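Chain residues, written in single-letter form:
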Amino acid sequence: MISAVIAGRIGDPHRFTSLAAIRAYTGLVPKVSQSGVSKVESSITKAGVPLLREMLCTAADQARRVDTQFAAKYQRLIVGDRHHESAICHLATHLVTEYGERVATK
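Presented here is a report on the structure given in the accompanying data block. Please read all numbers here as calculations on a predicted model, not as lab measurements.

## Overview of the packing of helix H1 (residues 2–10) against helix H3 (residues 50–66)
Then step 1. Taken N-terminus to C-terminus, the directions of H1 and H3 make an angle of 140°; their axes are 9 Å apart at the nearest point. The orientation of H1 with respect to H3, classified from their angle, is oblique. The interaxial crossing formed by H1 with H3 has left-handed handedness. Each of Ile2, Val5, Ile6, Arg9 and Ile10 in H1 lies in contact with H3, whose residues at this interface are Leu51, Leu52, Met55, Leu56, Thr58 and Ala59.

Pasting the structure below:
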């Protein structure tokens, strides 16, 4: 069910011009405030469909429990002073990137 919601909400991935565009659509990218001399990244933008973000985070949480590479990445993030929600959000973004790369090669 999770994958069906994700695929349904993303729709045709070829409509996006880049992997960055897919990530931005999910709202899982950091807000950026910048001027001529500084750039500050803060919390995620939360743009797009909330259900899509929720399902991506649920999928990322499940992936870290069953996939050793995701588990290792999660542990590195937690040890590096990220809290659980931030680490899961990072893994969810990674899932979207992998999905976009797989579809782009087809």
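Next, the rest of the story.
## A few points about the nonpolar core
Then step 1. Membership of the largest hydrophobic core comes to 21 residues, with the highest contact counts inside it found for Ile6, Leu56 and Leu91.
Then step 2. Where this core is concerned, the elements lending two or more residues are H1, H3, helix H4 (68–79) and helix H5 (84–104).
Then step 3. Beyond its immediate sequence surroundings of up to four residues, Ile6 is in contact with Leu52, Met55, Leu56 and Ala59.

## Considering the packing of H3 against H4
Then step 1. Running from N to C, H3 and H4 point in directions that differ by 105°, and their axes come no closer than 6 Å. Compared by their axis directions, H3 and H4 come out roughly perpendicular. Touching Ala63, Arg64 and Val66 of H3 are Thr68, Phe70, Ala71 and Tyr74, all from H4.
Then step 2. Along the lines of polarity and charge, the residues of the contact of H3 with H4 split into five nonpolar, one polar and one charged.

Calculation criteria
- Residues numbered from 1 in each chain as written.
- Predicted model: local features only at pLDDT ≥ 70, side-chain atom pairs only at ≥ 80, totals over all residues.
- Heavy atoms only, no water.
- Axes fitted to C-alpha atoms, helices over the stretch in contact; angles between N-to-C directions.
- Helix = DSSP H or I, 4+ residues; strand = E, 2+ residues; numbered from the N terminus.
- Parallel < 35°, antiparallel > 145°, perpendicular 65-115°, else oblique.
- Left-handed = near helix turned anticlockwise from the far one by under 90°.
- Contact = heavy atoms within 4.5 Å.
- Core = buried A, V, L, I, M, F, W, Y, C linked by side-chain atoms within 4.5 Å.
- Buried < 20%, exposed > 50% of the residue type's maximum accessible area, 1.4 Å probe, protein only.
- Nonpolar A, V, L, I, M, F, W, Y, C, P; charged D, E, K, R; others polar.

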